[in-house]
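# Survey of secondary and tertiary structure
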Amino acid sequence: MSDVLSQFEKIVRHASSLSVVEDSIDFHSHPFDERNIHPEISVVSLKLFDDGHYSQATFEAFKFLYIYVKNLSGLNDSGHKLMMAAFTEQNPKIKLTPLTTSSDIDEQLGYRFIFAGAMSAIRNPRGHDLNIDTIDRCLDHLSLASVLLRRIETRVE
């Protein structure tokens, strides 16, 4: 009988340790929460993402970013050309740094090319072609869109 009780005790201890692990895992978190997707990106992409339309979710996120930059800059260009003009390091319409040091200028220049590249490499193919993105690729794209949007929000006025 003591063997049975001993085995029962081991099973109970093991089961209780499993419940502690399960309690520490949030089985209900959404990938957008795990990736800290920007709330405004979530507004335009969440339903599409949840419905499995990953390419469209990506496209809408970058279209939102494009419109945001267009409205903020007041420029009439589009896509790559818009980003190159809006974030130029000489008299930018959207100034991300004070542009007083070479490091400031390099950062402005770097973001200029990241924004322009994102329009060319991520937004445009989804706007002109049929693309099928995986869930992971979509989440990576939405994370990048979130980073870029947050960077604009911390711009120099």
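Below: a short report on this structure. Just so it is clear, the model here is predicted, and its values are computed rather than measured. (Residues numbered from 1 in each chain as written. Predicted model: local features only at pLDDT ≥ 70, side-chain atom pairs only at ≥ 80, totals over all residues. Heavy atoms only, no water.)

This next bit is on the packing of aromatic side chains. In the structure shown here, the tally under the stated rule is 5 aromatic pairs. Centre to centre, the rings of F32 and F49 are 4.9 Å apart; their planes meet at 55°, and the pair counts as tilted. Of the two residues, F32 is situated in helix α2 (residues 31-34) and F49 in helix α3 (residues 39-50); the sequence distance between them amounts to 17 residues. Assigned by exposure class, F32 and F49 land together as buried. Taken together, the aromatic side chains of F32, F49 and Y54 make up a single cluster linked through ring pairs. Sitting above the plane of the F113 ring, R112 keeps its charged end 5.8 Å from the centroid. Over the ring of Y66 we find R123; its NZ or CZ atom is 4.7 Å from the centre of that ring. (Phe/Tyr/Trp six-rings, centres within 6.5 Å; stacked < 30°, edge-to-face > 60°. Helix = DSSP H or I, 4+ residues; strand = E, 2+ residues; numbered from the N terminus. Buried < 20%, exposed > 50% of the residue type's maximum accessible area, 1.4 Å probe, protein only. Lys NZ or Arg CZ within 6 Å of the ring centre and 35° of its normal.)

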